[in-house]
Amino acid sequence: MAVEQGGSVNVEPILQLHGINKTFGAVQALRNVDFEIYPHEVVGLVGDNGAGKSTLIKIISGVYTADSGEYLVDNKKVNVTRPQDANHLGIETVYQDLALCDNLDVAANLFLGREETAGRLPFMNSSDMERRTLEVLRQLDVKIRSMHVPVASLSGGQRQSVAVAKTILRNARIIILDEPTAALGVAQTRQVLNLIRRLRDQGLGVVVISHNLADVFEVVDRVIVMRLGRCVASFDIKSTTTEQVVAAITGAEFVDGRNGSSGQDAPI
């Protein structure tokens, strides 16, 4: 159903998951999980260790395949069995290790593995790659003193920005960020949170997986809580509190995942 999300009215979700289940041997990692994300929206995905967050994002990104359930993009069923399938649908994931080559500069990292050549000649078109790198960095308002310095010399916030810029060049519609502010200082964290806001303002859907509830409450529109492989709560960030989210994470209080009502915790 069309709803209002992140300041955009009457839009349909980019991505929907319905009834997702995943087991690893005797362990059921996900149990009947529903998930959706809209354009112009930042969704926080939170939960304790082992709650199922990593399994869920790996199914979204094509690293894992669900045992059952539906995966829809633009309200159409799709078959995502590998990361390339997700990438072709505009779904990109930036993991905590960022997957950058420290010895290469910014432009080389952005085009790594898909370098542009000069016409039919087997030479890289460095000038065009640098021009496009500058364009995407300006689009994201990322300030780096030079594109020619090794990525290893950049700050943590700048490195995170480079990893995100790489997904923008691939025409991402949804960006999943795994612990994007982990181990960053105050100034670098602020830089990353501002980057997330700019991605939302440009119409993307952003999923932020984080243990830092202060960062979550500052930047997301909606927070989804996972516990023991289930989505147990979905909160509008404007009308909830940290205490409610923590209660849902710990199971101190059961919160209905669709309407936020409280009741008794069901046996798992």
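Now for a quick tour of the structure. Quick caveat, the model's predicted, so the values are computed rather than measured.

Time to look at the pairing of strand S12 (residues 230–236). In terms of residue burial, S12 counts as a mostly covered element, since 5 of its 7 residues are buried. Bridge analysis of strand S11 (residues 222–227) against S12 gives 6 bridges, and the strand direction is antiparallel. Each residue of the ladder has a partner; that of arginine 227, found in S12, is arginine 230. With antiparallel pairing between neighbouring strands as the criterion, S11 and S12 make up a hairpin whose turn holds 2 residues, including leucine 228 at a positive phi of roughly 50 degrees.

A few words on the packing of helix H5 (residues 156–169) against helix H6 (residues 186–201). H6 packs onto H5 with a crossing angle of 20 degrees between their chain directions and a minimal axis gap of 8 Å. Viewed along their axes, H5 and H6 adopt a mutual orientation that is roughly parallel. Of the two elements, H5 crosses H6, and the hand of that crossing is right-handed. Side by side, H5 and H6 meet where Gly156, Gly157, Gln158, Gln160, Ser161, Val164 and Ile168 of the first sit next to Gln188, Gln191, Val192, Leu195 and Leu199 of the second. Its residues placed into classes, the contact of H5 with H6 shows 5 nonpolar, 7 polar and no charged.

This part takes up the sheet that holds strand S4 (residues 27–37). With respect to topology, 4 strands assemble into an open sheet ordered S4-S3-S6-S7, the strand pairing being antiparallel. Both edges of this open sheet fall to S4 and strand S7 (76–77), since each of them pairs with a single strand only.

The full count for this structure, using the stated rule, is 15 salt bridges. Among the ionic pairs, glutamate 36 bridges to arginine 222, the shortest N-O distance being 3.1 Å. Linking glutamate 36 in strand S4 with arginine 222 in strand S11, this pair joins segments that are 186 residues apart in sequence. Overall, arginine 222 belongs to the buried group, its relative accessible area being 8%. When the shortest N-O distance is used, the salt bridge between arginine 82 and aspartate 85 registers 3.2 Å. Using a relative accessible area of 41% as the deciding quantity, one classes arginine 82 as partly exposed.

Turning next to the nonpolar core. If you look at the biggest cluster of nonpolar residues, it comprises 48 residues, and the most contacted ones within it are Leu140, Ile175, Ile196 and Val225. Here the element with the most residues in this core is H5; it accounts for 6 residues. Listed in part, the 27 residues of the second largest apolar core include Leu17, Val33, Ile174 and Cys231.

Bringing unusual backbone geometry into the picture now. Of note, the phi angle at aspartate 74 is positive, near 55 degrees, even though the residue is not glycine. Of note, aspartate 74 is situated in the loop between strand S6 (68–73) and S7. In this structure, leucine 228 is a non-glycine residue whose phi angle is positive, near 50 degrees.

Right, let's talk about the packing of helix H4 (residues 126–139) against H5 for a bit. The geometry of H4 relative to H5 is characterised by a closest axis approach of 10 Å and an angle of 110 degrees between their N-to-C directions. As far as their axial angle goes, H5 and H4 are roughly perpendicular. Handedness of the H4/H5 crossing: right-handed. Contact residues: H4 offers Arg132, Val136, Leu137 and Gln139, while H5 offers Ala165, Ile168 and Leu169. The class makeup of the residues in the contact of H4 with H5 is 5 nonpolar, 1 polar and 1 charged.

The strand order S8-S9-S10-S5-S11-S12 describes an open sheet built from 6 strands, whose pairing is mixed. The two strands at the open ends of the sheet, each matched to only one other strand, are strand S8 (91–94) and S12. Pairwise comparison of adjacent strand axes, ignoring direction, gives a mean angle of 20 degrees for this sheet. Strand contacts of helix H1 (residues 53–60): strand S5 (41–46), S8, strand S9 (174–178), strand S10 (205–209) and S11, with the helix running at about 135 degrees to S5, the strand carrying the most contacts.

So, how was this worked out
- Residues numbered from 1 in each chain as written.
- Predicted model: local features only at pLDDT ≥ 70, side-chain atom pairs only at ≥ 80, totals over all residues.
- Heavy atoms only, no water.
- Buried < 20%, exposed > 50% of the residue type's maximum accessible area, 1.4 Å probe, protein only.
- Helix = DSSP H or I, 4+ residues; strand = E, 2+ residues; numbered from the N terminus.
- Pairing = 2+ DSSP bridges.
- Axes fitted to C-alpha atoms, helices over the stretch in contact; angles between N-to-C directions.
- Parallel < 35°, antiparallel > 145°, perpendicular 65-115°, else oblique.
- Left-handed = near helix turned anticlockwise from the far one by under 90°.
- Contact = heavy atoms within 4.5 Å.
- Nonpolar A, V, L, I, M, F, W, Y, C, P; charged D, E, K, R; others polar.
- Salt bridge = Lys/Arg side-chain N within 4 Å of Asp/Glu carboxyl O.
- Core = buried A, V, L, I, M, F, W, Y, C linked by side-chain atoms within 4.5 Å.

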